[in-house]
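Tertiary structure, described
Here's the letter readout for the chains.
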Amino acid sequence: MSRAANPLRDPRDRRLPRIAGPCSIVLFGVTGDLARKKLIPAIYDLANRGLLPPGFGLVGFARQDIPADEFPELIREAAKAGARTPWRDTVWNQLAAGVRFVPGEFDDDAAWERLAATMQELDEQQGTGGNHAFYLSIPPAQFPVVVQQIERHGLAEEDTGWRRVVIEKPFGHDLASARELNTAVAAVFERHNVFRIDHYLGKETVQNILAFRFANQMFEPVWNSHYVDHVQITMAEDIGIGTRAGYYDGIGAARDVIQNHLLQLMALVAMEEPVSFNAESLRIEKQKILANARPAPRLDAHTARGQYVAGWAGGELVRGYLEEDGIPTDSTTETFAAVRIDVATRRWAGVPFYLRAGKRLGRRVTEVAVVFKRAPHQPFSKNDVEELGQNAIVMRIQPDEGVTLRIGGKVPGTAMEIRDVLMDFAYGGAFVENSPEAYERLILDVLLGEPPLFPQHEEVELAWQILDPVIDYWAKQRTIDTYTSGTWGPTSADAMLARDHRTWRRP
Ligand code: BG6
């Protein structure tokens, strides 16, 4: 429902929708999985919501040879298959007028000349205003050549309008490679024109962590080691690696999602209040956390990793990781990773952050659980409280978006029996607005030149600095634990928490 149609909207609220100005996006890797499933549908949805300008261009640059006249149809099919808003031919027709395809290898200068000519043609005929965003949805090994070609062909010069580069993860595979990539990008684009995508930061529920913490009075006073026992951050997926063997094998769960999504979530949960919500203030606070975060010293005891084997998931019998197409039968890539992170600040000293992520787990759920210490004194008998757990605030990132408070409540009856009960805030019940897809929000922010939701290179490098020792330690192991698809990971993950006298939540 639009803001205007929202019956609960305060009529004095005159905030205008954020609409991008004239511009075009060049999509590198346009035939890839991410572009087809997420980026193209998000662009259509933005157009459908009226947030793209009439003068908009979408240029695909890819190595795969597609006849230029078939390209718009390819885009149309991807948009139609993945769109979250209703399909409207009028919207598509307007978008299609600015769709172009430039086939070519990334090192082929002639193809880049064709790209430059296409951009100019769009500016003149489609009214894209000389503003160009270059979206790199390609493997990181290809970033340097593409960025250099952009410069070589004069496409980064802000002579007619702005020039921005958008970079998809993985941003390197360790600290050293991330630094190299950052240097290559910084040689061509100024800092404020580089937009690194971590799509979790585009999710409403992730932004709500800041609203929850800093717009309310009642949580911040207990948000520290005096009250908090530990924090669990879980990103569980029920899917396997699907058709992404080429990307995933050799990368694994830690590099794929802990280095970026989970450490960003941790930074948002742990950081001090920023002086404002501008990009710089947010970056400063997140960076302080990442700079002071380290894996717990005993990597053997405080990390766990595993690989899924065949089992039942989502009601069907699924094959194991080593049986997936394109995976070497001796691969030791982890599809589940868990690590304990300690944050050495006054607020968090002694409060472990347990991060875990995995594929083919029990169900799809991402959540942050802040688990509190027990009350120092309970004037009840042991029997009264034997079913009482620890208080917790659970921020449900997806799919059932909301926040739950777990507290103790008296069981109705003549005895004083206390048990855990849940207080629940659910997005679906509280708001009439639908959450936009993360990529819609992020693409729009790129086009508007608004950087708060994009990690800067310091954050990316600090995240590698945290994870590198863990990855190096795992690389020395010859074997990897396994877990049955549809379960909650290897037993070593349970043992890891048991050593600290804790257990993982079963979300
Ligand atoms: C991506 C990872 O960053 O996030 C994928 O590369 C993962 O492996 C995906 O499946 C999950 O995203 P979401 O938004 O569905 O939680």
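Above this text sits the structure in question.
Described in the following lines is the structure provided in the data block.

About the cut-offs
- Residues numbered from 1 in each chain as written.
- Predicted model: local features only at pLDDT ≥ 70, side-chain atom pairs only at ≥ 80, totals over all residues.
- Heavy atoms only, no water.
- Near = heavy atom within 4 Å.
- Polar contact = N/O pair within 3.5 Å; in protein donor to acceptor, adjacent residues only side chain to side chain.
- Areas by Shrake-Rupley, 256 points an atom, 1.4 Å probe, with all protein chains shown as cover.
- Helix = DSSP H or I, 4+ residues; strand = E, 2+ residues; numbered from the N terminus.
- Nonpolar A, V, L, I, M, F, W, Y, C, P; charged D, E, K, R; others polar.
- Phe/Tyr/Trp six-rings, centres within 6.5 Å; stacked < 30°, edge-to-face > 60°.
- Buried < 20%, exposed > 50% of the residue type's maximum accessible area, 1.4 Å probe, protein only.
- Pairing = 2+ DSSP bridges.
- Axes fitted to C-alpha atoms, helices over the stretch in contact; angles between N-to-C directions.

**Some remarks on the site of the ligand**
- The local shell around the ligand holds 14 residues, among which Y200, K203, E237, D256 and Q398 are the closest.
- Within the side chain of Y200, a nitrogen or oxygen atom sits 2.5 Å from an oxygen atom of the ligand.
- In the model, an oxygen atom of the ligand is placed 2.5 Å from a nitrogen or oxygen of the E237 side chain.
- Out of a free accessible area of 400 Å², the ligand has 84% covered by protein chains.
- In terms of residue count, helix 9 (residues 252-270) provides more of the shell around the ligand than any other element does, 3 residues in total.
- Residue composition of the shell around the ligand, grouped by class: 4 nonpolar, 3 polar and 7 charged.

**Structural notes on the packing of aromatic side chains**
- Inspection of the entire model under this criterion finds 21 aromatic pairs.
- Taking 4.1 Å as the distance between ring centres and 15 degrees as the angle between the ring planes, the aromatic pair formed by F212 and F219 counts as stacked.
- Taking relative accessible area as the criterion, F219 reaches 9% and is therefore assigned buried.
- Relative to F353, the ring of W348 lies with its centre 5.3 Å away and its plane at 80 degrees, an arrangement referred to as edge-to-face.

**Overview of the sheet that holds strand 5 (residues 163-167)**
- Taken in spatial order, the 6 strands of this open sheet run 3-2-1-4-5-6, and their pairing is parallel. Edge strands, defined here as strands with exactly one partner in the open sheet, are strand 3 (99-103) and strand 6 (194-196). Each strand of the sheet is rotated relative to its neighbour by a mean of 20 degrees, with strand direction disregarded.
- Both strand 2 (residues 56-62) and strand 3 contribute to a ladder of 5 bridges, which runs parallel. Opposite G60, over in strand 3, you have F101 as the bridge partner.

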